[in-house]
Amino acid sequence: MRLVLQLACAASLVVSVACGGSGVAPGTPGGPPIVVRFTHVAADFTPKGQAARAFAELANERSDGRLDVRVFPSGQLFGDRDEIEALQGNNVQFIAPSIGKLISFDPRFQIGDLPFLFSDNAAESRFWDGEAGRALLQSLEPQDIVGLATWPNGMRQLMNRTRPIHTPADTRGLKMRIPSGGLLVDTLEAFGAGASVIPFTDVYTALQQGVVDGTIATFDNIEVEKYAEVLDYLTVANVNSLSYGVLVNKTFWDGLPADLRQILSDAMDEATVLARRLATELDETAMASLKATIDVVELTPEERQQFVDASEGVWTKYTPILGQDLLDAALRVNE
Ligand code: LMR
């Protein structure tokens, strides 16, 4: 019996809890809970923060004390540079980075970054829920990662301190912050700007200190991170859409008792519905409140077309990288 318990405890190290002196395996009724850490870089009250908290509360309540899901917002545990590695090492069990940050595994994860591809976040969610999107997320499994859901955060806009942006001619010479490299670098360059990858938690300071002249960002992040305190101009360009991949360590996930995995999976489904609703609502309210505080440029159809035309070379370069089939699947969700 003792050997069985020792083995159970050794296995449970994978879920990052020590057995302590009780001799009862974590997650067993009456035993200590399995501690599950969920880290992300956004603020606690963003749609991502609220959905992560709802996920934790639902799972903790329904598991009757067998799970202790803890959420660490604002990059408290890990930031952009190390959270994926921490997930693979099972030092944290859940993360929710913007999907383009998975570029090092496969350049196709940049699909949502392609300028003017998805008509809105709902379209991007339909893509990730569909066959092609699910297959792409499943391709993470050999990396010890399971993609459980995607949560949207709105369309990305252009913000800067120097001048109002109406056309690509206005972005010329500006240095802009981007969350990840590759396709976003090419997009900003196609607009005549320079681009610099800066971790999310460092963006406000980088903008304040003039390390960069501006940033691409969603209304939600612009408002919550208070970029309008340090930047003067916002252009509603809807350049691309930001969605998060909610990822779990696969060894941890597969090693869970089936009933606890089901509880987490159901809680994730409900949190996903919440995340999607909150993101849509907040996108609208944040836009309205930003208009009261900062110079907002809304592009005319002709101005917007100039950005679309400038992006043509990015599409040409990335069509073979993303693959025509994936692109076709993405284009279909706009219909
Ligand atoms: C970014 O780096 O801009 C975003 O991915 C941050 C976030 O998590 O909203």
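The structure reproduced in this document is the subject of the present report. Position numbers for residues start from 1 in each chain and track the written sequence from start to end. Since the coordinates come from a predicted model, pLDDT governs what is reported: local features require at least 70, and pairs of side-chain atoms require 80 or more to be given and counted, while whole-chain, interface and lining totals use all residues. Water and hydrogen atoms were dropped before computing side-chain values, which therefore reflect all heavy atoms in the structure.

Some details on the overall build of the chain
Helices and strands together make up the secondary structure of the chain, namely 14 helices and 10 strands. In this treatment the radius of gyration is a C-alpha quantity, and the globule benchmark scales as 2.2 Å times the residue count to the 0.38 power. A compact globule built from 335 residues should have a C-alpha radius of gyration of about 20 Å, and the chain, at 21 Å, falls within 12% of that. For the C-alpha atoms alone, the extent of the chain along its principal axes is close to 75 × 40 × 30 Å. When a residue's accessible area, from a 1.4 Å probe over protein chains only, is under 20% of the maximum for its type it is buried; when over 50% it is exposed; and in between it is partly exposed. For the chain, buried positions account for 53% of its 335 residues. Numbering of helices and strands runs from the N terminus; a helix is a DSSP stretch of H or I covering at least four residues, while a strand is a stretch of E covering at least two.

What to know about the site of the ligand
For this description, a residue counts as near a given molecule or strand if any of its non-hydrogen atoms is within 4 Å of it. Surrounding the ligand, one finds V41, K48, S98, K101, R177, P179, F200, N221 and Y244. Between the ligand and R177 there is a distance of 2.8 Å, counted from an oxygen atom to a side-chain nitrogen or oxygen. Under the rule applied, a polar contact is a pair of N or O atoms within 3.5 Å (in protein, one hydrogen donor and one hydrogen acceptor; residues adjacent in sequence only if both atoms are side-chain atoms). Measuring from an oxygen atom of the ligand, one finds a side-chain N or O atom of Y244 at 2.4 Å. Starting from 270 Å² of accessible surface for the ligand in isolation, the protein chains cover 98%. Here a cavity means grid points, on a 1 Å grid over the protein atoms only, where a 1.4 Å probe fits yet cannot get out; a pocket means an open set of points with protein on both sides within 12 Å along at least five of seven lines; lining residues are those with an atom within 4 Å of a point. Any molecule with more than half of its atoms within 2 Å of a cavity's or pocket's grid points is counted as sitting in it. Using a 2 Å cut-off from the grid points, one finds that the ligand occupies the largest cavity. For this classification, Asp, Glu, Lys and Arg are treated as charged, while Ala, Val, Leu, Ile, Met, Phe, Trp, Tyr, Cys and Pro are nonpolar and the rest, including Gly, are polar. When grouped by side-chain class, the residues that make up the shell around the ligand number four nonpolar, two polar and three charged. Reported accessibility uses the Shrake-Rupley method at a 1.4 Å probe radius. Residues are deemed covered only where the shown protein chains occlude them.

What about empty space enclosed by the protein?
Grid points are joined across faces, edges and corners, and a volume is the space filled by probe spheres set on the points. Scanning the model with the defined rule gives two cavities of 30 Å³ or more in all. A volume near 170 Å³ is recorded for the largest cavity. Taken together, 19 residues line the largest cavity, and the ones lying closest to its centre are K101, R177, F200, N221 and L242. When residues of the lining of the largest cavity are traced back to their parent elements, those giving at least two are β7 (214–218) and β9 (241–249). When the residues that make up the lining of the largest cavity are grouped by side-chain class, the tally is 11 nonpolar, four polar and four charged. Considering only enclosed or pocket space, the second largest cavity measures out at about 50 Å³ in volume. Lining the second largest cavity are 13 residues, with I99, G100, D113, S241 and S243 sitting closest to its centre. When residues of the lining of the second largest cavity are assigned to their parent elements, the largest contribution, three residues, is made by β9. Residues that form the lining of the second largest cavity fall into these classes: four nonpolar, six polar and three charged.

Digging into helix α4 (residues 121–129)
Burial in α4 covers these residues: N121, A123, E124, S125, F127 and W128. Here, residues are in contact when the closest pair of their heavy atoms is within 4.5 Å. Contacts made by the buried residues of α4 are with α5 (131–138), β4 (145–160), β9, α11 (258–291) and α14 (324–332). N-capping of α4 is provided by D120, with a side-chain oxygen placed 3.2 Å from the backbone N of A122.

Topic: the side chain of K101
With respect to the helices and strands, the residue K101 is situated in the loop between β3 (94–95) and α4. On the accessibility criterion, K101 (15% relative accessible area) is buried. There is a polar contact of 2.8 Å between the side chain of K101 and the side chain of D80. Each residue touching K101, except ones within four places of it in the same chain, is listed here: D80, I84, P179, S180 and F200.

Side note on the packing of aromatic side chains
Only the six-membered ring of Trp is used, alongside the rings of Phe and Tyr, when aromatic pairs are assigned; centres must lie within 6.5 Å, and planes under 30 degrees apart are stacked while those over 60 apart are edge-to-face, with the rest tilted. Inspection of the entire model under this criterion finds nine aromatic pairs. Geometrically, the ring pair formed by F38 and F55 is edge-to-face, given 6.1 Å between the ring centres and 70° between the ring planes. Placement of F38 in strand β1 (residues 34–39) and of F55 in helix α2 (residues 47–62) is noted, with a sequence separation of 17 residues between them. Under the relative-accessibility criterion, F55 is labelled buried at 0%. Geometrically, the ring pair formed by F191 and F307 is edge-to-face, given 5.0 Å between the ring centres and 80° between the ring planes. Placement of F191 in the loop between α7 (183–190) and β6 (194–197) and of F307 in helix α12 (residues 301–310) is noted, with a sequence separation of 116 residues between them. On the basis of relative accessibility, which here comes to 1%, the residue F307 falls in the buried class. Members of the aromatic cluster, joined through ring pairs, are F38, F55, F94, W151, F252 and W253. In this arrangement the basic side chain of K48 is found over the ring face of Y244, its NZ or CZ atom lying 3.6 Å from the centre. Only when the NZ atom of a Lys or the CZ atom of an Arg is both within 6 Å of the ring centre and within 35 degrees of the ring normal do we say a charge sits over the ring.

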